[in-house]
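Residue-level structure breakdown
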Amino acid sequence: MERLAVEEAAAGHAETAQDLWFGAALAYAQAQHPIFEVNREKQFLHAAALRCYDELRQLVPFRLEHVDVPFEDSAVAGNLHLLPDASASASAPAPCVFF
């Protein structure tokens, strides 16, 4: 799926590439989820999920930022999806998704 995303992006098919990058990121994330030991396989799969999501972030028609939210002695990593027009009316309330 990741290879197809690269090919579709290179061909200028942004929407198809977005779908494929998201699917690849999700597949890698799901594959690493049941591996409880931090080993090379889990590290490879986790890095691949982040890499694919980074590629997706470059193509989406809205602001999508990686954020680390402090929590107790650590941080919770996530992705902040902002509305396309959020910057135009920063003072107006708007929903957001932290994923």
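The preceding data block contains the structure.
So, here is what we can say about the structure in this document. Predicted model, so just to flag it, every value in this text is computed and none were measured.

The rules we used
- Residues numbered from 1 in each chain as written.
- Predicted model: local features only at pLDDT ≥ 70, side-chain atom pairs only at ≥ 80, totals over all residues.
- Heavy atoms only, no water.
- Phe/Tyr/Trp six-rings, centres within 6.5 Å; stacked < 30°, edge-to-face > 60°.
- Helix = DSSP H or I, 4+ residues; strand = E, 2+ residues; numbered from the N terminus.
- Buried < 20%, exposed > 50% of the residue type's maximum accessible area, 1.4 Å probe, protein only.
- Expected span 1.5 Å × (residues − 1).
- Contact = heavy atoms within 4.5 Å.
- Core = buried A, V, L, I, M, F, W, Y, C linked by side-chain atoms within 4.5 Å.
- Salt bridge = Lys/Arg side-chain N within 4 Å of Asp/Glu carboxyl O.

For the coordinates displayed, the defined rule picks out two aromatic pairs. Residues Tyr28 and Phe44 carry aromatic rings whose centres are separated by 6.5 Å and whose planes lie at 90 degrees to one another, so their mutual orientation is edge-to-face. On the criterion of sequence distance, the pair formed by Tyr28 in helix α2 (residues 14–32) and Phe44 in helix α3 (residues 40–59) is long-range, its members being 16 residues apart. Overall, the relative accessible area of 51% leaves Phe44 in the exposed class.

A separate point is α2. Between its first and last C-alpha atoms α2 spans 27 Å; for 19 residues at 1.5 Å apiece the expected length is 27 Å, and the two agree. The set of residues buried in α2 consists of Ala17, Gln18, Leu20, Trp21, Gly23, Ala24, Ala25, Tyr28 and Gln32. Considering only its buried residues, α2 is in contact with α1 (2–10) and α3.

In terms of nonpolar packing, the biggest core is built from 16 residues, with Trp21, Tyr28, Cys52, Tyr53 and Leu56 touching the most fellow members. Every residue in contact with Trp21, bar those within four places of it in the chain, is listed here: Glu2, Ala5, Val6, Ala9, Cys52, Glu55, Leu56 and Leu59.

Summed over all chains, the structure comprises four salt bridges. With its nearest N and O atoms 3.1 Å apart, the salt bridge here joins Glu7 to Arg3. Here the residue Glu7 and the residue Arg3 both occupy positions in helix α1, the gap between them amounting to four residues, near one helical turn. Taking the relative accessible area as the measure of exposure, Glu7 reaches 41% and is therefore partly exposed. According to the relative accessible area criterion, Arg3 is exposed, its value standing at 57%. Arg57 is the salt-bridge partner of Asp54, the closest N and O atoms lying 2.4 Å from each other. Taken as a pair, Asp54 and Arg57 lie in helix α3 at a separation of three residues, close to a single helical turn. Here Asp54 falls in the partly exposed class, since its relative accessible area comes to 37%. Looking at Arg57, the relative accessible area reads 17%, which means it is buried.

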